[in-house]
Amino acid sequence: MEKTNKKGFLAWLTDNWKRKPLFSTGIALLVMVILQILALGFDYASFGEWFAAFSRNWINILRNNAGVGIIALGMTFVIISGGIDLAVGSTMVAIGAVVMSLIDSGPAGLLAGLGITGIPAYIIAIAIGILLGVLLGECTGVLVAHFGMPPFIATLGMMKICRSVTQQCMQKASPTVPKAFLKIANARIGGEIILPILYWLALAVILHVVSKHTAFGRQVFAIGSNERTSKLSGVNVRAVKRRVYALMGALVAVTAAIQIARIGSMDYANAGSGYEMDAIAAVIIGTLISNAQLVMVNDQMVELRSTLSDLQDQETQLKAQYELSYDLQDIERQLLASGEMMKAQSWQIYTLELSEPDAVEYHQAWDLPQKLLSMAKEFSTAVREYF
């Protein structure tokens, strides 16, 4: 009896792991929490002290990885569409350098030189940074979608260009980030610095809605599944790919602004190094955890294949009925033509002056085409009612 219960529990666990993404994700998080508890230990004076340390540890982990998490959101769209982006770290450095040059509170500050400071300067700088990210993403999208360049090569080249150009341009520059700008990421809520985490969660919710409930999101999935079929279905594959990389660039710009606000500076040589690998790993691990979606897709594919088979059978039957209808209609036309011809010939004979026996015989010949015409019309009516 115990073995049966164990088998039943294991079967239930496996089935829920495969078919319920929230369940599998929750189990994975539970395992992580247990491992952290074991690593943290229990050498604390009270449970409250232990829980405070536990919470601070998790907040630090999430805050330090919020940048990678935001980039991973964009990388999800890129990978789903069948591409990859290795330039995210270098693009972040390039955009960060532009934003820092704009908000520089020193004499070299671009916006300060125009008399724009404070919140307006921060809004303008972040907006310009996002536009630059979109532009760089569009450039990558054009190389991939219009020139047919492999995403690996295109983004690798963009990575080298952005990093080297930024280092060259910022060799003698040392912009100063205003203290007020740091509050964008470092303002405390409930005594904790959690704004980067909130930005990450907000963007995750927005992009989830985009992926599941917009035409763009469904088109991204369609292109990743079968690009040629999507193109034949009327999807503008090139435009969608450009938008995917543009979205990636915008999210990288948001990450750059958050990183500058968190740290107050940026190392142009090393900042963002490895972000592309971390983001790709996060996407892949997330996909493995929620592999229930793959099972659901496979089930849908089986249903679609069954539906397609049924449609093909119906098509074959309709073709057979159409051919039969065509044959019957051809017979109908032939009967009508024969009846009309015999009617005309019989009328000519009927008008002749004949002896009585011959007249009776030809009068019978006159009745025959009338009967044929009547039969042909009945046949025609039956055919039309059938089809």
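Preceding block: the structure.
Sequence order sets the numbering: in each chain, residues are counted from 1 along the sequence as written. Given that the model is predicted, a residue must reach a pLDDT of at least 70 before its local features are reported, and side-chain atom pairs must reach 80 or more before they are shown or counted; all residues, however, enter totals for whole chains, interfaces and linings. In computing side-chain properties, one takes all heavy atoms of the structure into account and sets aside hydrogens as well as water.

1. Re the overall build of the protein
A run of H or I in DSSP counts as a helix once it spans at least four residues, and a run of E counts as a strand once it spans at least two, with each numbered from the N terminus. Broken down by element type, the protein carries 16 helices and zero strands. Relative accessibility thresholds used throughout: buried, under 20% of the residue-type maximum; exposed, over 50%; partly exposed, between the two (1.4 Å probe, protein chains only). Here the protein holds 387 residues, and 33% of them are scored as buried. When contacts within the protein are restricted to residue pairs at least 6 apart in sequence, long-range pairs at least 24 apart make up 75% of them. Of the roughly 23500 Å² of accessible surface on the protein, 64% is carried by carbon and sulfur atoms. When checking whether two residues touch, look at their non-hydrogen atoms; a contact exists if any pair is within 4.5 Å. Surface accessibility follows the Shrake-Rupley procedure with a 1.4 Å probe radius. Residue values consider only the protein chains on display as shielding.

2. Points about the environment of Arg 238
Mapping Arg 238 onto the fold places it in helix α13 (residues 237-263). Sequence spacing of Arg 238 and Val 142 is 96 residues, and the spatial spacing of their C-alpha atoms is 8.0 Å. Apart from residues no more than four positions distant in its own chain, Arg 238 is found in contact with Ala 145 and His 146.

3. Thoughts on the state of the cysteines
For the purposes of this analysis, a disulfide is any pair of cysteine sulfur atoms at a distance within 2.5 Å. Inspection of the entire model under this criterion finds zero disulfides. With no disulfide of its own, Cys 162 has Cys 139 as its nearest cysteine by sulfur position, at a separation of 9.1 Å. In this structure Cys 162 comes out as buried when scored by relative accessible area, which is 6%.

4. Remarks on the packing of helix α3 (residues 47-64) against helix α10 (residues 195-213)
Here an angle of 0 to 180 degrees is reported between the N-to-C directions of two axes, which are lines fitted to C-alpha atoms, with helices fitted over the stretch in contact. Running from amino to carboxyl end, α3 crosses α10 at an angle of 60 degrees, the nearest separation of the two axes being 8 Å. It follows that α3 is oblique to α10 by the angle criterion. In terms of crossing hand, the pair formed by α3 and α10 is left-handed. Where α3 approaches α10, its residues Ile 59, Leu 62 and Arg 63 are matched on the opposing element by Pro 196, Ile 197 and Trp 200. Residue classes in the contact of α3 with α10 are distributed as five nonpolar, no polar and one charged. In what follows, roughly perpendicular refers to angles from 65 to 115 degrees, roughly parallel to angles under 35, roughly antiparallel to angles over 145, and oblique to any angle outside these ranges. A crossing counts as left-handed when the near helix is turned anticlockwise from the far one by less than a right angle, and as right-handed when that turn is clockwise. Only Asp, Glu, Lys and Arg are considered charged, only Ala, Val, Leu, Ile, Met, Phe, Trp, Tyr, Cys and Pro nonpolar, and every remaining residue, Gly among them, polar.

5. Observations concerning the nonpolar core
Inside soluble globular proteins, nonpolar side chains tend to come together where they are buried. Only buried residues count toward a nonpolar core, which is a set of Ala, Val, Leu, Ile, Met, Phe, Trp, Tyr and Cys residues joined through side-chain atoms within 4.5 Å. In terms of nonpolar packing, the biggest core is built from 59 residues, with Met 75, Phe 181 and Met 266 touching the most fellow members. Counting residues per element, this core draws most heavily on α13, which supplies 12 residues. Not counting chain neighbours up to four residues away, the residues in contact with Met 75 comprise Asp 85, Val 88, Met 248, Glu 276, Ala 279, Ile 280 and Val 283.

6. Notes on the side chain of Ser 81
Residue position: Ser 81 is located in the loop between α4 (66-80) and α5 (88-103). Polar side-chain contacts of Ser 81 include one of 2.7 Å to the backbone oxygen of Val 78. Among all residues touching Ser 81, those that are not within four sequence positions of it are Val 220, Ile 223, Gly 224, Lys 241 and Val 244. Counting of polar contacts relies on pairs of N or O atoms within 3.5 Å, with two restrictions inside protein: one atom must be capable of donating a hydrogen and the other of accepting it, and residues adjacent in sequence are counted only when both atoms are side-chain atoms.

7. Looking at a nonpolar patch on the surface
Put simply, a patch holds well-exposed residues, over 30% relative accessible area, that have no salt bridge, with like charges counted together within 9 Å and Val, Leu, Ile, Met, Phe, Trp or Tyr side chains within 5 Å. Salt bridges are defined by distance alone: a side-chain nitrogen of Lys or Arg within 4 Å of a carboxyl oxygen of Asp or Glu. A cluster of nonpolar side chains, contributed by Leu 30, Val 31, Ile 34, Leu 35 and Leu 38, occupies part of the molecular surface with about 480 Å² of accessible area. Residue Leu 35 is classed as exposed on the basis of its relative accessible area of 54%.

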